Amino acid sequence: METKVTRATFDEVMVPCFSPMQMIPVKGKGSKVWDQNGKEYIDFAGGIAVSALGHCHPIMIKALEDQAHKVWHVSNVMTNEPALKLAKKLTELTFADKVFFCNSGGEANEAAFKLARRYALDTFGDEKDEIIAFDKAFHGRTLFTVSVGGKKVYADGFGPKPMGITHLPYNDIDTLKAHISEKTCAVVLEPIQGEGGIISPTSEFIQGVRALCDQYHAVLIFDEVQTGNGRTGDFYAYQGLGVTPDILTTAKSIGGGFPIASMLTTEKFACHFKPGTHGTTFGGNPLACAVALAVVNQISKPEVLEGVKIRGQKIVQGLKAINEKYHLFKAYRGKGLLIGAVLTEDWVEKRGELFNLAGDYGVLILTAGSDVIRIAPSYVISDTEISEGLKRFEQAIAFIANKSLS
Ligand SMILES: *Cc1c(COP(=O)(O)O)cnc(C)c1O
């Protein structure tokens, strides 16, 4: 007999570092998912900015099935065709000429920080070890990446932390200028802070960071784990900002839902990793790379990237129309399909309720920071899915608004 599992099973057998919703999705198609009871949801969350082509896109299924009949895993003792093809494609699409594959955003950042440290040590000596990061930044959950991240609560409570990490306020070029020195080996930032609340850099800040990194021979690392692979309407967000990093990390949407991540860089930095300096068992896995190649080929098309911008505008317009009736948002942030709607003070405390109620009304949303509703759907979400999702979201908002009136 098959084991019957429910949300209660989670509390029974899972390490409780998450507190998932009550419903359990069992099926997805496009921007719709269905739970164990057959209830339908519009997916405005996209698996937290991962499902770029929605659920079970035919292109992804074909790539996965084709590769499934060829070879699944060979380790890095051998290379494989899907990894080489994907690396070639990524170098064609970006500033990079070298690619390192791994399995998660945290691992890509771990590789980036280690590479920056090794480059600085090889080139300038071991005094140059400072990594500058920014408040509210999120870079992953390994001890190194969580320590570089800008949320102390995530990094505290695990004993001694890696040293040589400084946190400064985002979008404050003067503070960076006052602090950066020849001891700085790297500056790392998200070209839009995602988990921190969908915060875009000013052009003064982003250009200033690049100039200061050049002046002090510091490696500029862009964490594009959330902004990358078309999410903002540019293939990578740096391309829309006109500022090129030295190292770029990417994960989330690159595999459209299959776990894969990568670190992109140039020959100048890449040559400081030699056989044995860094590694991974699963990174560059043929199945993952075959799926990611299909996803990247699709989402790098100009018409798909243009579609991201158009859909982003439609959703923001829809949120503004809802706001005219309920006055719950005070600002809209983000770019393309990484949308943040900032809640007014009254609504901040109702955020948890709104999140849950949206689910009850059949739409999946996200939050970010302490006061932001985040929407990050598939790049190919249809007009009807957008309007249906907004309608359900409005129903949840109306329920809360009417309740507080009575
Ligand atoms: C999600 C995220 C990460 C962490 O990625 P994992 O795959 O969970 O390790 C790192 N950086 C940014 C900007 C992210 O959004």
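Rules of the game
- Residues numbered from 1 in each chain as written.
- Predicted model: local features only at pLDDT ≥ 70, side-chain atom pairs only at ≥ 80, totals over all residues.
- Heavy atoms only, no water.
- Salt bridge = Lys/Arg side-chain N within 4 Å of Asp/Glu carboxyl O.
- Helix = DSSP H or I, 4+ residues; strand = E, 2+ residues; numbered from the N terminus.
- Buried < 20%, exposed > 50% of the residue type's maximum accessible area, 1.4 Å probe, protein only.
- Contact = heavy atoms within 4.5 Å.
- Polar contact = N/O pair within 3.5 Å; in protein donor to acceptor, adjacent residues only side chain to side chain.
- Near = heavy atom within 4 Å.
- Areas by Shrake-Rupley, 256 points an atom, 1.4 Å probe, with all protein chains shown as cover.
- Nonpolar A, V, L, I, M, F, W, Y, C, P; charged D, E, K, R; others polar.
- Pairing = 2+ DSSP bridges.
- pLDDT = per-residue confidence, 0-100.
- Domains from an automatic or database assignment.
- Buried area = accessible area lost by both parts, 1.4 Å probe.

A. Looking closely at the pattern of salt bridges. All told, the structure shown has 17 salt bridges when counted by the stated rule. In this structure, the salt-bridge partner of arginine 210 is aspartate 246, at a minimum N-O distance of 3.1 Å. On the criterion of sequence distance, the pair formed by arginine 210 in helix α9 (residues 203-215) and aspartate 246 in the loop between α10 (237-241) and β9 (247-250) is long-range, its members being 36 residues apart. Classification of arginine 210 by relative accessible area gives buried; the value is 15%. The exposure class assigned to aspartate 246 is buried, which follows from its relative accessible area of 12%.

B. Structural view of the environment of tryptophan 72. By the secondary structure assignment, tryptophan 72 is in the loop between α3 (58-68) and α4 (81-93). Along the backbone, tryptophan 72 and phenylalanine 138 are 66 residues apart, and their C-alpha atoms lie at a distance of 32 Å. Excluding its chain neighbours within four sequence positions, the residues that come into contact with tryptophan 72 are Gln67, Asn285, Pro286 and Leu287. Within the local environment of tryptophan 72, its side chain forms a polar contact with the backbone oxygen of alanine 68, the two atoms lying 2.8 Å apart.

C. Looking closely at the site of the ligand. Around the ligand, the surrounding shell consists of Ser104, Gly105, Gly106, Asn109, Phe138, His139, Gly140, Glu190, Asp223, Val225, Gln226 and Lys252. In the model, a nitrogen atom of the ligand is placed 2.7 Å from a nitrogen or oxygen of the aspartate 223 side chain. Between the ligand and the protein, one listed contact pairs an oxygen atom with a side-chain N or O atom of glutamine 226 at 2.8 Å. About the coverage of the ligand: the protein hides 81% of its 390 Å² of free accessible area. Among the elements that make up the shell around the ligand, the one with the highest residue count is helix α5 (residues 105-124) (three residues). When grouped by side-chain class, the residues that make up the shell around the ligand number two nonpolar, seven polar and three charged.

D. Quick peek at the pairing of strand β3 (residues 40-43). Pairing analysis gives three bridges linking strand β2 (residues 32-35) to β3, with the strands arranged antiparallel. Across the sheet, the residue bridging to lysine 32 is isoleucine 42, located in β3. Between β2 and β3, which pair antiparallel one after the other, the connecting turn spans four residues, and glycine 38 there sits at a positive phi close to 85 degrees. Two elements, β3 and strand β13 (residues 363-364), share two bridges in a ladder whose sense is parallel. For aspartate 43, the partnering residue across the bridge sits in β13 and is leucine 364.

E. Spotlight on the confidence of the model for the chain. For the chain, per-residue confidence averages 97 on the pLDDT scale, and 100% of positions sit at 70 or higher. Here helix α16 (residues 383-405) stands out as the element of the chain with the lowest mean pLDDT, 95, in contrast to strand β8 (residues 219-223), whose mean of 99 is the highest.

F. Fine view of the domain arrangement of the chain. Split into domains, the chain comes out as domain 1 (7-56 + 302-405) and domain 2 (70-299). Computed from C-alpha coordinates alone, the two centres of domain 1 and domain 2 are separated by 27 Å. Across the boundary between the two partners, domain 1 contributes 26 residues, which contact 26 residues of domain 2. With both sides pooled, the region where domain 1 packs onto domain 2 buries about 2100 Å², and carbon together with sulfur makes up 60% of that total. Sorting the residues of domain 1 by area buried against domain 2 places Lys335, Leu338 and Tyr379 first, and these three jointly supply 27% of that buried surface. Summed over the shared surface of domain 1 and domain 2, the result is two salt bridges. Here aspartate 234 makes a salt bridge to lysine 335, at a shortest N to O gap of 3.5 Å. Of all the secondary structure elements, the ones that give two or more residues to the side of domain 1 that touches domain 2 are α2 (46-49), α13 (302-326), β11 (329-335), β12 (338-343) and β15 (372-375). In terms of residue count, the dominant contributor to the side of domain 1 that touches domain 2 is α13 (four residues). Each residue belonging to the side of domain 1 that touches domain 2 can be placed in one class, and the counts come to 16 nonpolar, six polar and four charged.

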